[in-house]
Amino acid sequence: MPKHSSTDRRGFLAVTGTAAMAGCLTRTTGGSTTPSIVVLSGAGLREPIEAIKAEFESRHDIAINFNFGGADTLLTQIDLNNAGDVYVPGARMYLEEAASMGNIARRGRIAYHTPVIGVQNGNPSGIDTLADLTKPRLDIALGDPGACAIGVLADRILERKQLLEAVEPNVTSRTGTVNELVVYLTQEQVDATIIWQSDLHGLDDEIDIVEIPPADNIVKTIPVGSLRYSEQLEAANRFVEFASSPAGRAVFGEFGFEIYEGKGTAKQPSPTTTHTSI
């Protein structure tokens, strides 16, 4: 099967047409001015983060716009362009990287992200373990480790089992977002993928899930952070506080995520060094 280029999930664009820069500051309605912020969100978090937007806007006089994409792609926009006001990647390592650049003001944690093996409905290829991904004549889709968190994690999980080299010949697709992995699997263009469990929520009739044993898995935390350079930092901090509150976490729980049970938000210490874009 030929290698595929990146495509969008069922009409979900990886990047929306809304403003991606931190310049979308206010909107005016009926003579009053409403703060407006841009949330840079991992593409695989689209459904729960849009649900949080609805809850947040019903409680606060602040408008939310989105820019969806791969976590690493969004990180590059933050580093090079001072894009957005809030960052919600699919794994904490990306927020830590943004913090190391001096870009995070306030942070919180929302939920856990658990990788699983997704297979076609009925599991016709008989894939029950990570080692089964090495079977001959399989078509496997994996995330691009240079673009999205699940791509990094999939490679690490396979490397820990010393399977990556053996699986690689079966990899016919490397995608920039997790949504594209769902497309390939639901359309039966591939036999299996390593994907976040939450992204298969509600697809029981189309996809089967093969759990990865805890000893072999790498579970990540979904963080949220306000961007220090935001011209609407107070509004951005309010979004962070709500998203990582029990009410915000509960929204993620409705979409199949395991809710984070730790502390809420914390202020990021001011950077002591100056970081430049590379």
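Just above, that's the structure.
Residues numbered from 1 in each chain as written. Predicted model: local features only at pLDDT ≥ 70, side-chain atom pairs only at ≥ 80, totals over all residues. Heavy atoms only, no water.

Colleague: What is the right way to read the overall build of the protein chain from this model?
Modeller: Along the backbone of the protein chain there are 8 helices and 13 strands. Per-residue burial over the protein chain gives 53% buried out of 278 residues. A fraction of 78% describes how many contacts in the protein chain between residues 6 or more apart in sequence connect residues 24 or more apart. For the protein chain, the accessible area works out to roughly 12,100 Å², and carbon and sulfur atoms hold 47% of it. (Helix = DSSP H or I, 4+ residues; strand = E, 2+ residues; numbered from the N terminus. Buried < 20%, exposed > 50% of the residue type's maximum accessible area, 1.4 Å probe, protein only. Contact = heavy atoms within 4.5 Å. Areas by Shrake-Rupley, 256 points an atom, 1.4 Å probe, with all protein chains shown as cover.)

Colleague: Just to check I follow, could you spell out helix 2 (residues 71-81) for this structure?
Modeller: Buried within helix 2 we find Ala 71, Leu 74, Leu 75, Gln 77 and Ile 78. Taken down its axis, helix 2 places every buried residue within 155 degrees of arc, on the same side. Of the residues flanking the end of helix 2, it is Asn 82, one or two places downstream, whose phi is positive at about 50 degrees. (Arc of directions from axis to C-beta.)

Colleague: Explain the pairing of strand 5 (residues 104-113) to me, please; I cannot follow it from the model alone.
Modeller: Within a regular strand, side chains alternate between the sheet's two faces. Within strand 5, 7 of the 10 residues are buried, which leaves it mostly tucked inside the rest of the structure. Judged from the 2 bridges that link them, strand 5 and strand 12 (residues 258-259) form a sheet pairing that is antiparallel. In the sheet register, Ala 111 faces strand 12, and the bridge partner there is Ile 259. (Pairing = 2+ DSSP bridges.)

Colleague: What exactly am I supposed to notice about helix 3 (residues 92-100) here?
Modeller: Note: α-helices contain 3.6 residues per turn, so residues at a spacing of three or four share the same orientation. Among all positions of helix 3, only Tyr 94, Leu 95, Ala 98 and Ala 99 are buried. Considered in projection along helix 3, the buried side chains sweep an arc of 145 degrees and stay on one side of the axis. Those residues of helix 3 that are buried are in contact with helix 2, strand 4 (86-88), strand 5, helix 4 (149-160) and strand 11 (220-227).

Colleague: What's the story with the side chain of Thr 186 in this structure? I'm lost.
Modeller: By the secondary structure assignment, Thr 186 is in helix 6 (residues 178-186). Looking at Thr 186, the relative accessible area reads 16%, which means it is buried. In this structure the side chain of Thr 186 is engaged in a polar contact, spanning 3.2 Å, whose partner is the backbone oxygen of Val 183. (Polar contact = N/O pair within 3.5 Å; in protein donor to acceptor, adjacent residues only side chain to side chain.)

Colleague: Help me out: how do you make sense of the nonpolar core in this one?
Modeller: Soluble globular proteins tend to pack their nonpolar side chains together in the buried interior. Among the nonpolar cores identified, the biggest contains 55 residues, and Tyr 87, Ile 117, Leu 130, Leu 133 and Leu 158 are the most heavily contacted of them. Other than its neighbours up to four places away in sequence, Leu 158 contacts Leu 130, Leu 133, Leu 142, Leu 163, Leu 164, Val 167 and Ile 194. Counting 25 residues, the second largest nonpolar core, distinct from the first, contains Ile 49, Ile 110, Ala 236 and Phe 257. (Core = buried A, V, L, I, M, F, W, Y, C linked by side-chain atoms within 4.5 Å.)

Colleague: Teacher, can you tell me more about unusual backbone geometry here?
Modeller: Look at Asn 123: it is not a glycine, yet its phi comes out positive at around 50 degrees. Tracing the backbone through its elements, the reader meets Asn 123 in the loop between strand 6 (115-120) and strand 7 (140-143). Classification of Asn 123 by relative accessible area gives buried; the value is 15%.

Colleague: What is the right way to read the sheet that holds strand 9 (residues 192-196) from this model?
Modeller: Neighbouring strands of a sheet are bound in pairs by backbone hydrogen bonds; such pairs are parallel or else antiparallel. Reading across from one edge, 8-7-9-6-10 is the order of the 5 strands in this open sheet, with mixed pairing throughout. The open sheet has two edge strands, strand 8 (171-175) and strand 10 (207-210), and neither has a second partner. When strand polarity is set aside, the average angle formed by the axes of neighbouring strands in this sheet is 35 degrees. In the sheet, strand 7 pairs with strand 8 via 4 bridges, with the strands oriented parallel. Following the sheet pairing, Ile 140 is matched in strand 8 by Val 171. (Axes fitted to C-alpha atoms, helices over the stretch in contact; angles between N-to-C directions.)

Colleague: Please clarify how the packing of helix 2 against helix 3 should be interpreted in this entry.
Modeller: When two helices pack together, their arrangement is captured by the angle between the axes and the distance separating the axes. For the pair helix 2 and helix 3, interaxial distance at closest approach is 10 Å and the crossing angle is 10 degrees. Comparing the axis directions of helix 2 and helix 3 gives the class roughly parallel. When helix 2 is examined against helix 3, the residues Ala 71, Asp 72 and Leu 75 are found in contact with a partner set consisting of Tyr 94, Glu 97 and Ala 98. When grouped by side-chain class, the residues that make up the contact of helix 2 with helix 3 number 4 nonpolar, no polar and 2 charged. (Parallel < 35°, antiparallel > 145°, perpendicular 65-115°, else oblique. Nonpolar A, V, L, I, M, F, W, Y, C, P; charged D, E, K, R; others polar.)

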